[in-house]
Amino acid sequence: MRLPRPVLIATVLTAATGSLLLAPRSATADREPPVREGADQPQGAAKAPANAARNALTSPVTDLSDSGLDSARRGYPREQVLSPDPENPADKSIKLGLTPYHAIAPKLNALQRLGDRVSVEVAGRSAGGHRLYLVTVTAPESARQSLDQERMRELIENAPRAAAKDPAVKASYKTPVFFDNNIHGNEWEGTDAALGLIERLASAKDARTSDLLAHSRLYFNITANPDGRIAGTRANANGFDLNRDFITASQPEARAIRQIAIDKQPAVMLDLHGYVNGTLIEPTTPPHGENYEYDLFLKNTYANALGMEAAVNGLGHTPAKDGVEPVQIPFRDQREGWDDWPPIFTPQYQAFHGAVAAHTVEIPLAVNNSAYDTLPVAELRRRAAINVDVAGAAMRATLAYAQNHRASIIADQIEVFRRGATGAAQVPVSAETVPGVPGIGPENVYTTDFPRAYVIPAGGAQRSATAAARLVDHLLANDVRVTRATRDFRLAGRSYAKGSYVVDLHQPKRGLANVMLADGRDISDKVSVMYDISGWSLGRLWGATVVPVRSGGLSAVAARRVEAAAQVGYVAPRGDLRLRLDTPQEIAALNSLLQQGVSVRQLADGGVVVPGSARARAADLARTYDVAFDATKPTGGGRGSPLHRVRVAAAVTPGELFALREMNFDVVPVSTAVLNTGFDWSTVQVLFVSSGLDHARLTAEARAALDTFLHAHGLVGRGAVGAALNSAAGLLAVRPVEGNGDANGVVRVVNSGGPLTADAPDHGFVYAPVWFTDLGPGVRVEQAYAPGNPLVSGHWRPLADGTGGPTAAGGRAAVVSGPHAVLFGTEPLFRDHPKGEFPQVGRALLTVS
């Protein structure tokens, strides 16, 4: 379920059964208070186990394409016997009368035995190590027929104009339909509805089912978040909301779904969530993503929503009898507050891979959170059973839509890719371009001017070769096409070196390429509130130089398509070595050296010197992290400050904890409760605080121990919580000012050039921004918000009294430092996303410690 802003919260009615009943056509679909990452743990910061982070960082992506080495020799069904998982009586699904995770593998084995329509593949593993099951239901195919389907799928994406004329595509291409279930672990019932639907499809003998399976492939991600399903948590084992992780794809569960989108290319998809009463079925309210072909998307998504509405309401549940309200369709029934602007949600991300109907469906009756803990088991199971029925009805209606509109759905998917490949103009939505959809007004029109290309320069024009390689590999992992110049070239009056990367926006998935690389847009004046983040530019936040080319052709660029970025790992053959600290990988390499006891010194520009005697270790790390150890002059024993291995006590959000571990810091999670039970401060060298630590709630003994540590070692603080601890401990003499708590986006910043922000990007990310005034003696401004309005893209309005807006932050200090503290008003580790900002925190931890 999505969680909107407080301004949207309206009156609710409480039924005798305890259900929350909303009047249909309400101003918003969600009556729970907003929850930011980590805010559901006000007294306890993130505590994800280190092995979950390691699993997420190292988990491979499973090739699910029909042209893969294994798949090419077989058709469908692809049956396998799944080994059982140990029975877990603590699985939170059991109380609800739903399928516990350990019962899924035996159930899938039984479904495969029902006939020749059901196949099971393991699409990957969760951060907690649980298998992710992808079930395919379709009529049997020979190996040759499966390869024919793959040929047509590739034709649709790679040669859409040819696909539109291909009689085989029209006659025999199977419509790919994808059902994603349980991505929020404590929104369980989509899994059970999927298992029930698979069972019915596996054994049904009627002609309509046979026709459906002859002309469709149905894909079911049985549980996208087994960690959360078992534990009864929204997040996975790393504490990540997986429905916020697309584009970044830090978690293996999100990468598995990404691969399904690439390899299976769904034209229609549902993402099953809960709980909104009445059932909420997208399409959404404004703002709408400006980078996809919204006319085609709205046409199909609205039509399918109507069919799902009829099916769900047709179940006969009523407010009086069951506590179930009629269906809501936000596009039709609401003004704003349920947007599809950011590409981080599953359905919105799927649209960039060709889904022309993609929905979040919020089933009605709450069984999680306080309801799970307080309602009688019988009531919970009654609600869960209704939710399974509702989810099943939505799925069946979607299958009917896909079956009845097969030709137009595939034609529209082809058209999405054709527009991208040819650089065709987007079609703004209107009553004329999307007939049959009521209420389209100017507030629904969002399009963008695609640049002709992006260049990621090589050589001197590039901020960081390691950052560029990481960005290129990430683009490729998302199925964005990238080429590399085989000789020097000029574009739009600018010269680029051989080896520069070029992202041609005349490609089938141009929308995805652009949404990742573009600056984005300031939409503060478009809507009063935003559902989640509104800015995410990898071009500005991932540390690489990215240059948009606005016009012209690419015929003068000699380039070849690449499947991976060129390796940049390097170790100078002689002398001492210099390692830049401009990327997370470089911080990770440094921490590995320190862990091995290598004597490393930090330079005034933020880089470090590694002695030539550690060359062999540096070579291993250059290969592992793809970083360069350049030549430098010998330190002479006195140049630079010595660094030591840092163990960090961290009261932080799940995303920050994960980012710290990505940089190879040894992290001990702490919180108010942990410190009050007694904490051995001698085991750590620095404290990082952004969440879950309240100085006023500490016992006198814990407070004294903390203050002693901070004055001897130091604090890195982020946001209002970090600033409050600084004030309570009396470290830096500054006054923190909190901006609008809903404000978020990409901002322009000005770096001081000191060791913390030397060579840092000139853009940062904010969410609930903070800035610092009244700076006392010894306080250094490391980074400031750019003068005027620093917001580049996102949503940042002043508060009702006129304060807290972006112009109030303009020119103010965003990052400040002193002898024992560094304070961030930005969010440099937000959800493991702004990779180019990570080194600022890494350098701060190393320096303060």
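Owing to the predicted nature of the structure, the values given are computational and were not obtained by experimental measurement.

Attention shifts here to the overall build of the protein chain. Assigned secondary structure in the protein chain consists of 27 helices and 36 strands. Taking 849 residues into account, the globule formula puts the C-alpha radius of gyration at 29 Å, and the protein chain, at 27 Å, falls close to it. Here the protein chain, with 849 residues, has 62% of them falling under the buried criterion. Total accessible area on the protein chain stands at roughly 28,800 Å², and carbon and sulfur atoms take up 53% of it. Side-chain charges in the protein chain split into 85 positive and 85 negative, and the spacing between the mean points of these groups amounts to 5 Å.

It is worth spelling out unusual backbone geometry at this point. Residue Pro77 is reached from Tyr76 by a cis peptide bond, and omega for that bond is 10 degrees. We note that Gln265 has phi near 55 degrees; this positive angle belongs to a residue other than glycine. Looking at the secondary structure, you find Gln265 in the loop between helix 9 (252-264) and strand 7 (268-274). By relative accessible area, which is 0% here, Gln265 ends up buried. Despite not being glycine, Arg831 has its phi angle at roughly 50 degrees, a positive value. Residue placement: Arg831 occurs in the loop between strand 36 (821-824) and helix 27 (838-848). Given a relative accessible area of 12%, Arg831 falls into the buried group.

Along any regular strand the residues' side chains alternate between the sheet's two faces. Side chains of strand 27 (residues 686-689) alternate between two faces, with Val686 and Phe688 and Leu687 and Val689 buried alike. In this structure, strand 25 (residues 647-651) lies alongside strand 27, joined through four bridges in parallel fashion. Bridging from a neighbouring strand, Ala651 pairs with Val689 of strand 27. One ladder, built from three bridges, connects strand 27 with strand 28 (residues 715-718); its direction is parallel. Looking across to strand 28, one finds that Leu687 is bridged to Leu715. Tracing the backbone out of strand 27, into helix 24 (residues 700-712) and back to the parallel element strand 28 gives a crossover that is right-handed.

Pairing within the open sheet is mixed, and its seven strands lie in the order 3-4-6-5-7-11-8. The sheet is open, and its two borders are formed by strand 3 (118-125) and strand 8 (280-281), each paired with just one other strand. In terms of strand pairing, strand 3 meets strand 4 (residues 131-137) through seven bridges, oriented antiparallel. Each bridged residue has a counterpart across the sheet, and for Val120 the counterpart in strand 4 is Val135. Running over the sheet, helix 9 touches strand 3, strand 4, strand 5 (175-181) and strand 6 (216-221) and is turned about 25 degrees from strand 4. Along the sheet, helix 10 (residues 294-313) contacts strand 7, strand 8 and strand 11 (357-363); its crossing angle with strand 11, the most-contacted strand, is approximately 35 degrees.

All right, on to the pattern of salt bridges then. The final tally for this structure, using the stated rule, is 47 salt bridges. In this structure, the salt-bridge partner of Lys509 is Glu157, at a minimum N-O distance of 4.0 Å. Here Glu157 lies in helix 3 (residues 143-158) and Lys509 lies in the loop between strand 16 (501-504) and helix 18 (510-517), a separation of 352 residues in the sequence. You'll find Lys509 and Glu157 in the same group, each marked buried. Across the salt bridge formed by Arg578 and Asp605, the nearest N and O atoms sit 2.5 Å from each other. Separated by 27 residues along the polypeptide, Arg578 in strand 20 (residues 576-579) and Asp605 in the loop between strand 21 (600-602) and strand 22 (608-610) bring together distant segments of the chain. Overall, Asp605 belongs to the partly exposed group, its relative accessible area being 30%. By sharing partners, the salt bridges in this structure join Asp66, Arg78, Glu121, Glu141, Lys174, Arg217 and Lys264 into a single network.

What follows is about helix 2 (residues 104-112). Every buried residue of helix 2 is listed here: Ile104, Ala105, Leu108, Asn109, Leu111 and Gln112. Relative to the axis of helix 2, the buried residues are bounded by an arc of 160 degrees and lie together on one face. The elements touched by buried residues of helix 2 are strand 3, strand 4 and helix 6 (189-203).

This next bit is on the packing of helix 10 against helix 15 (residues 377-404). Running from N to C, helix 10 and helix 15 point in directions that differ by 135 degrees, and their axes come no closer than 8 Å. In terms of their interaxial angle, helix 10 and helix 15 are classed as oblique. Considering the relative orientation of helix 10 and helix 15, their crossing is right-handed. Residues Lys299, Asn300, Ala303, Asn304, Gly307, Met308, Ala311 and Val312 of helix 10 form the contact with helix 15, whose own contacting residues are Val390, Ala393, Ala394, Ala397, Thr398 and Tyr401.

Here a ring pair, both rings aromatic, is described through the centre-centre distance and the interplanar angle of the planes. For the structure on display, the rule yields 20 aromatic pairs. Their ring planes at 25 degrees and their centres at 5.3 Å tell us that Phe246 and Tyr349 sit as a pair that is stacked. Here Tyr349 lies in helix 13 (residues 346-351) and Phe246 lies in the loop between helix 8 (226-231) and helix 9, a separation of 103 residues in the sequence. With respect to burial, Phe246 and Tyr349 carry one shared label: buried.

Looking at the element boundaries, His353 is found in the loop between helix 13 and strand 11. Those residues in contact with His353, other than ones at most four positions away along the chain, are Ala261, Ile262, Gln265, Gln413, Phe417, Asn478, Asp479, Lys509 and Leu512.

With that settled, consider the sheet that holds strand 23 (residues 628-632). In space, the six strands of this open sheet follow the order 19-23-20-22-21-24, with mixed pairing throughout. Looking at the sheet topology across the chains shown, the edges are occupied by strand 19 (570-571) and strand 24 (641-643). One ladder, built from four bridges, connects strand 20 with strand 23; its direction is antiparallel. In the strand pairing of strand 23, Arg578 is matched with Asp630.

Soluble globular proteins tend to bury their nonpolar side chains together. Core analysis: the largest hydrophobic core is formed by 157 residues, its most contacted members being Leu108 and Phe220. The element contributing the most residues to this core is helix 15, with 13 residues. Not counting residues within four places of it along the chain, the set of residues in contact with Phe220 comprises Tyr133, Leu134, Val135, Val137, Phe179, Ala194, Leu197, Ile198 and Leu201. Val598, Val608, Leu657 and Ala659 belong to the second largest nonpolar core, which has 58 residues in total.

About the criteria used
- Residues numbered from 1 in each chain as written.
- Predicted model: local features only at pLDDT ≥ 70, side-chain atom pairs only at ≥ 80, totals over all residues.
- Heavy atoms only, no water.
- Helix = DSSP H or I, 4+ residues; strand = E, 2+ residues; numbered from the N terminus.
- Rg over C-alpha atoms; globule rule 2.2 N^0.38 Å.
- Buried < 20%, exposed > 50% of the residue type's maximum accessible area, 1.4 Å probe, protein only.
- Areas by Shrake-Rupley, 256 points an atom, 1.4 Å probe, with all protein chains shown as cover.
- Lys, Arg positive; Asp, Glu negative; His and termini not counted.
- Charge placed at Lys NZ, Arg CZ, Asp CG, Glu CD.
- Pairing = 2+ DSSP bridges.
- Right-handed = clockwise from strand over helix to strand, strands pointing away.
- Contact = heavy atoms within 4.5 Å.
- Axes fitted to C-alpha atoms, helices over the stretch in contact; angles between N-to-C directions.
- Salt bridge = Lys/Arg side-chain N within 4 Å of Asp/Glu carboxyl O.
- Arc of directions from axis to C-beta.
- Parallel < 35°, antiparallel > 145°, perpendicular 65-115°, else oblique.
- Left-handed = near helix turned anticlockwise from the far one by under 90°.
- Phe/Tyr/Trp six-rings, centres within 6.5 Å; stacked < 30°, edge-to-face > 60°.
- Core = buried A, V, L, I, M, F, W, Y, C linked by side-chain atoms within 4.5 Å.

Function-wise, these values are silent; they only describe arrangement.
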